[in-house]
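Each chain, letter by letter, is given below.
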Amino acid sequence: MTAGERPLHSVSVGAAVVGEDNRLLAIRRRDTGAWQLPGGILERDEGPLQAVRREVLEETGVLVEPEALTGVYKNMALGVISLVFRCHPIEGEPCPTEEATQVAWLTLEEISDRMVEAFAVRLHDAVAAESKPHVRVHDGISLLA
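What counts and how
Residues numbered from 1 in each chain as written. Predicted model: local features only at pLDDT ≥ 70, side-chain atom pairs only at ≥ 80, totals over all residues. Heavy atoms only, no water. Helix = DSSP H or I, 4+ residues; strand = E, 2+ residues; numbered from the N terminus. Rg over C-alpha atoms; globule rule 2.2 N^0.38 Å. Buried < 20%, exposed > 50% of the residue type's maximum accessible area, 1.4 Å probe, protein only. Contact = heavy atoms within 4.5 Å. Areas by Shrake-Rupley, 256 points an atom, 1.4 Å probe, with all protein chains shown as cover. Lys, Arg positive; Asp, Glu negative; His and termini not counted. Charge placed at Lys NZ, Arg CZ, Asp CG, Glu CD. Salt bridge = Lys/Arg side-chain N within 4 Å of Asp/Glu carboxyl O. Disulfide = S-S within 2.5 Å. Phe/Tyr/Trp six-rings, centres within 6.5 Å; stacked < 30°, edge-to-face > 60°. Lys NZ or Arg CZ within 6 Å of the ring centre and 35° of its normal. Core = buried A, V, L, I, M, F, W, Y, C linked by side-chain atoms within 4.5 Å.

*Asks:* I would appreciate a short explanation of the overall build of the protein in the present structure.
*Replies:* Regarding its fold elements, the protein presents three helices and eight strands. Taken from the N to the C terminus, the helices and strands of the protein come in the order β-β-β-β-α-β-β-β-α-α-β. For 145 residues, the compact-globule formula gives about 15 Å, and the C-alpha radius of gyration of the protein, at 15 Å, lands near that figure. With respect to the three principal axes, the spread of C-alpha positions in the protein is 50 × 35 × 30 Å. Expressed as a percentage of the 145 residues in the protein, the buried residues total 38%. Within the protein, contacts between residues at least 6 apart in sequence are counted, and of these 64% link residues at least 24 apart. Counting only carbon and sulfur atoms, one obtains 53% of the accessible surface of the protein, whose full area is about 8100 Å². With 14 positive and 23 negative side-chain charges, the protein shows a separation of 5 Å between the mean positions of the two kinds.

Pasting the structure below:
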């Protein structure tokens, strides 16, 4: 990298929203049809916790409270770093939105069946008993060593 060049990275947030029955909130994206956890790009004027609350509400209609950082994930192909937080729902009923054609509470098994590994692992990590955040890299689909 030459002087004056800056690395091109963006930071996103994701929410592992755990319901009373231990199901996790997931969305089916309107633009790609892919199942993912709610989340999106961190805006310049907001903090990560504020962004998590905003993104989940925009994408699912559910207001959440973040509890803990559970993982940091980097998409090596795109240069996107995602901070994932375990959250609990406060109010609202999941419903389709401008960004999601479907919003559903899924079991871990359903998540593994519907999501690519790079996204499913974020939800599995969020409910694992470990107390420290996971740090992983992926190519957008699969985890990398």
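*Asks:* Would you mind showing me how to read the side chain of Gln36 here?
*Replies:* Structurally, Gln36 is set in strand 3 (residues 35-36). Among the residues examined, Gln36 registers a relative accessible area of 14% and is labelled buried. In contact with Gln36, not counting residues within four places along its chain, are Ala26, Ile27, Arg29, Met115 and Phe119.

*Asks:* Would you mind showing me how to read the pattern of salt bridges here?
*Replies:* Counted by the stated rule, this structure contains 10 salt bridges. Among the salt bridges present, the one from Glu46 reaches Arg54, with a minimum N-O distance of 2.6 Å. Summarising the burial analysis for this pair, Glu46 and Arg54 share the class buried. Taken together, the shared-partner salt bridges connect Glu43, Glu46, Arg54, Glu55 and Glu58 into one network.

*Asks:* Looking at this structure, how should I read the state of the cysteines?
*Replies:* Put plainly, a disulfide is one covalent bond tying together the sulfur atoms of two cysteines. Taken as a whole and assessed by the stated rule, the structure comprises zero disulfides. Free of any disulfide, Cys95 has its nearest cysteine sulfur in Cys87, 17 Å distant. Look at Cys95 and you get partly exposed, because its relative accessible area is 32%.

*Asks:* Quick question: what am I supposed to make of the packing of aromatic side chains here?
*Replies:* Any aromatic ring pair is given by two values, namely how distant the centres are and how the planes are angled relative to each other. Scanning the entire structure with this criterion turns up zero aromatic pairs. If you follow Arg114 out to its NZ or CZ, it ends over the ring of Trp35, 5.1 Å from the centre.

*Asks:* Whenever I open this one, helix 3 (residues 117-127) confuses me. Can you help?
*Replies:* Helical periodicity: at 3.6 residues per turn, an α-helix aligns residues three or four positions apart in one direction. Counting buried residues in helix 3 gives eight out of 11 residues, a clear majority hidden from the surface. Restricting attention to buried positions, one finds in helix 3 the residues Ala118, Phe119, Ala120, Val121, Arg122, Leu123, Asp125 and Ala126.

*Asks:* Teacher, can you tell me more about the nonpolar core here?
*Replies:* Grouped burial of nonpolar side chains is what soluble globular proteins tend to show. Ranked by internal contacts, the top residues of the largest apolar core, which has 17 residues, are Ala16, Leu24, Ile111, Met115 and Leu123. Contributions of two or more residues to this core are made by strand 2 (24-29) and helix 3. Counting residues per element, this core draws most heavily on helix 3, at six residues. Filtering out sequence-adjacent residues up to four positions away, Leu24 remains in contact with Ala16, Val17, Val18, Ala104, Trp105, Leu106, Leu108, Ile111, Leu123 and Val127.

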